[in-house]
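Structural characterization, general
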Amino acid sequence: MTGPEARSPGTNWAGTYRYRAETLHRPSSLEQLQDVVAGAASVHVLGSRHSFNAIADATELISLEALHSEEALPAGVVVDHDARTVSFGAGLKYGELVERLGDEGVALHNLASLPHISVAGAVATATHGSGVRNGNLATAVAAVQLVTSGGELLQFSRGDADFDGVVVGLGALGAVTRLTLDVEPAFEVRQRVFEGLSFEALCEHFDEIVASGYSVSVFTRWEDAIDQVWVKSRADEPDLVDDDLFGATPATVDRHVIRGLDPTPCTPQLGRPGPWSDRLPHFRMGFTPSAGEELQSEYLLARTHAVEAIEALRSLAEKIRPWLLVCEIRTVAADRLWMSMNHGQDSVAFHFTWKPDQEAVEAVLEDVEGALARFGPRPHWGKVFLEGAADLAPRYERHADFVGLAERLDPRGAFRNEWLDARVLGRR
Ligand SMILES: Cc1cc2nc3c(=O)[nH]c(=O)nc-3n(C[C@H](O)[C@H](O)[C@H](O)COP(=O)(O)OP(=O)(O)OC[C@H]3O[C@@H](n4cnc5c(N)ncnc54)[C@H](O)[C@@H]3O)c2cc1C
């Protein structure tokens, strides 16, 4: 199908947000895409719909799924072994990309917690990718090709003026058609889950715990003890943790990140080494990730405040718990990308998976945002939060540059939407 779909785009992945758009275009050539974009008064590209808010909405939406098909672009995925890069059509999902990378013996530095999401959507929102030494997934971007609202095709490469602003475009700059990412030789990863960590040990040894693997996630429901610590270690690096992680011990069976759920959808654990692409995500392709029926929020702040922030959230445990499925605490390395939540600071992230009750969750977020306010938290762009552009602008030192970039690349404001105006760009 090349033209507009008869039906409306429907809802986001979780079913918690219904897009207001009346049309979903599925262009199958670059020229068609350029025509759609240039002719639309209000337009956005839809990724894999995994955001929990209206960031992706517009009067007309575009799916790039037909654009990256082998027919439309015969050389869709191109690995350049000399340059150590891969380039591909921007509609691809991580799960699809890693299959092609596997054939070529190369890897990305990190992966999303679920392979189901589109690469362009994760990059546009600076999301996913954890580890004290690891930048988020957008930091792997070496080049971006995009169609502006004037229908012009532009290319930005690392080192170009504005490149650090273009990568995390929040969908506000244009339709990204092609991405180039850094790759490295494929590597193996071991994943172990530790149980029985106390909050006291977490706070006392926070820096050692989050640095005990290549990527470490702490899962808690803000009860008396921590539920689980997932430690993903590279097999080509020495193991930094034995069978005792500050009092926590390794699980002897596979676990789901939400305690009590069937672990089948989760990636293999128990310390068995395996390909990077089968261990860095928490969830396996082909299964429903996470809970399925849920909302999410996440706040990122300077890692130096991690323990104080844990204590602040712990004081809200009674309010949080009734609506919480699980909370993940992870870390992300600093980067230079203007609108990245990790811009200029090594970060700790507090990710809440909530029961799907928008009103109740927003009421709890009043308390959560109040408790974290003194740490200058940057909310995850793809999740539920309350603060607006005026609150958030001072937390991004390149905010004014980003607003200027959006106005230059999209002078007629076709890629602005209500959500972006309210939460990021400010009203014109
Ligand atoms: C079950 C689940 C688990 C999750 N876990 C995590 C997690 O562990 N860590 C984390 O950080 N996040 C997590 N998220 C959040 C989610 O993965 C991100 O919000 C997601 O990466 C957005 O990607 P998407 O493709 O779904 O984008 P969408 O929601 O479809 O769109 C997001 C934005 O990207 C823009 N966009 C998408 N493609 C293009 C393009 N080609 N050109 C221009 N703009 C584009 C859209 O216009 C929109 O502005 C999770 C979400 C779910 C549902």
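Below, the structure is looked at part by part. Source: prediction; values computed, not measured.

Criteria and cut-off values
Residues numbered from 1 in each chain as written. Predicted model: local features only at pLDDT ≥ 70, side-chain atom pairs only at ≥ 80, totals over all residues. Heavy atoms only, no water. Helix = DSSP H or I, 4+ residues; strand = E, 2+ residues; numbered from the N terminus. Rg over C-alpha atoms; globule rule 2.2 N^0.38 Å. Buried < 20%, exposed > 50% of the residue type's maximum accessible area, 1.4 Å probe, protein only. Contact = heavy atoms within 4.5 Å. Areas by Shrake-Rupley, 256 points an atom, 1.4 Å probe, with all protein chains shown as cover. Lys, Arg positive; Asp, Glu negative; His and termini not counted. Charge placed at Lys NZ, Arg CZ, Asp CG, Glu CD. Core = buried A, V, L, I, M, F, W, Y, C linked by side-chain atoms within 4.5 Å. Near = heavy atom within 4 Å. Polar contact = N/O pair within 3.5 Å; in protein donor to acceptor, adjacent residues only side chain to side chain. Nonpolar A, V, L, I, M, F, W, Y, C, P; charged D, E, K, R; others polar. Phe/Tyr/Trp six-rings, centres within 6.5 Å; stacked < 30°, edge-to-face > 60°. Salt bridge = Lys/Arg side-chain N within 4 Å of Asp/Glu carboxyl O. Pairing = 2+ DSSP bridges. Axes fitted to C-alpha atoms, helices over the stretch in contact; angles between N-to-C directions.

Quick notes on the overall build of the protein chain
On a plain count of helices and strands, the protein chain comes out with 13 helices and 20 strands. For 428 residues, the compact-globule estimate of 2.2 N^0.38 gives 22 Å, and the C-alpha radius of gyration of the protein chain, at 21 Å, lies within 12% of that figure. For the protein chain, the spread of C-alpha atoms along the principal axes amounts to about 60 × 45 × 40 Å. Each of the 428 residues in the protein chain was classed as buried or not, and the buried ones make up 62%. Considering only contacts within the protein chain whose residues lie at least 6 apart along the sequence, 72% involve residues at least 24 apart. Accessible surface, the protein chain as shown: approximately 16300 Å² in total, 48% of it carbon and sulfur. Averaging the locations of the 39 positively and 62 negatively charged side chains of the protein chain gives two centres separated by 1 Å.

Let's talk about the side chain of Q269
Counting through the fold element by element, Q269 comes out in the loop between β15 (249-250) and β16 (274-275). A relative accessible area of 1% places Q269 in the buried class. Setting aside chain neighbours within four positions, we find Q269 in contact with Q191, V193, W230, V253, D254 and R255.

Description of the nonpolar core
Counting residues in each nonpolar core, the largest one holds 143 residues, and the members touching the most others are W222, F352 and W381. When near neighbours in sequence (up to four residues on either side) are disregarded, F352 contacts W222, L295, Q296, S297, Y299, L313, I320, L324, V326, C327 and V368.

Notes on the environment of A14
The topology assignment puts A14 in the loop between β1 (4-5) and β2 (23-25). Residue class for A14 comes out buried when judged on its relative accessible area of 15%. In sequence terms A14 and E204 are 190 residues apart; their C-alpha atoms lie 36 Å from each other. With near-sequence residues (within four places) excluded, A14 lies in contact with F52, G292 and E294.

Notes on the site of the ligand
Within the structure, the ligand sits among 38 residues, and V45, H50, S51, S118 and H128 are positioned closest to it. At 2.8 Å, a side-chain N or O of H44 approaches an oxygen atom of the ligand. R49 has a polar backbone atom sitting 3.1 Å from an oxygen atom of the ligand. Starting from 980 Å² of accessible surface for the ligand in isolation, the protein chains cover 98%. Going through the elements one at a time, β3 (43-46), α3 (119-124), β10 (175-182) and β17 (295-302) are the ones with two or more residues in the shell around the ligand. The greatest single-element share of the shell around the ligand, amounting to four residues, is contributed by α3. Broken down by class, the residue content of the shell around the ligand amounts to 15 nonpolar, 18 polar and five charged.

A closer look at the packing of aromatic side chains
Tallied over the entire structure, the rule returns nine aromatic pairs. On the basis of an interplanar angle of 40° and a centroid distance of 6.3 Å, the ring pair of F187 and W276 is categorised as tilted. Highlighted residues: F187 in the loop between β11 (184-185) and β12 (188-195) and W276 in helix α7 (residues 276-279), separated in sequence by 89 residues. Its relative accessible area of 5% is what places F187 among the buried residues. Classification of W276 by relative accessible area gives buried; the value is 3%.

So, the environment of T148
Secondary-structure assignment places T148 in the loop between β8 (141-147) and β9 (153-157). Classification of T148 as buried rests on a relative accessible area of 4%. Separated by 27 residues in the primary sequence, T148 and A175 have C-alpha atoms spaced 6.6 Å apart. Residues contacting T148, with those up to four places away along its chain left out, are V37, L154, L173, L409 and F415.

Here we look at the pattern of salt bridges
Close approach of charged atoms allows side chains with opposite charge to pair. Taken as a whole and assessed by the stated rule, the structure comprises 25 salt bridges. Two residues, E65 and R26, come together in a salt bridge whose shortest N-O distance is 3.7 Å. Taken together, the residues E65 in the loop between β4 (60-63) and β5 (78-80) and R26 in the loop between β2 and α1 (30-39) connect sequence positions 39 residues apart. A salt bridge links R234 to E184; its shortest N-O distance comes to 3.1 Å. Taken together, the residues R234 in strand β14 (residues 228-234) and E184 in strand β11 connect sequence positions 50 residues apart.

Regarding the sheet that holds β8
Read from one edge to the other, the open sheet built from five strands follows the order β5-β6-β10-β8-β9, with strand pairing classed as antiparallel. Strands with a single pairing partner mark the edges of an open sheet, and in this sheet they are β5 and β9. Put simply, the sheet's adjacent strands are angled 15° from each other on average, direction ignored. Of the strand pairs in this sheet, strand β6 (residues 85-89) and β10 are connected by five bridges, and their pairing is antiparallel. Across the sheet, residue V86 finds its bridge partner in β10, namely L181. Contacting β5, β6 and β10, helix α2 (residues 94-104) crosses the sheet at an angle of about 145° to β6.

Focus on the pairing of β6
Walk down a regular strand and you will see the side chains alternate between the two sheet faces. Most of β6 is tucked away: five of the five residues are buried. Sheet topology note: the β5/β6 ladder contains three bridges and is antiparallel. Residue pairing in the sheet places V78 in a bridge with S87 of β6. Here β5 folds back onto β6, and the loop between the two strands holds four residues, one of which, R84, carries a positive phi near 55°.

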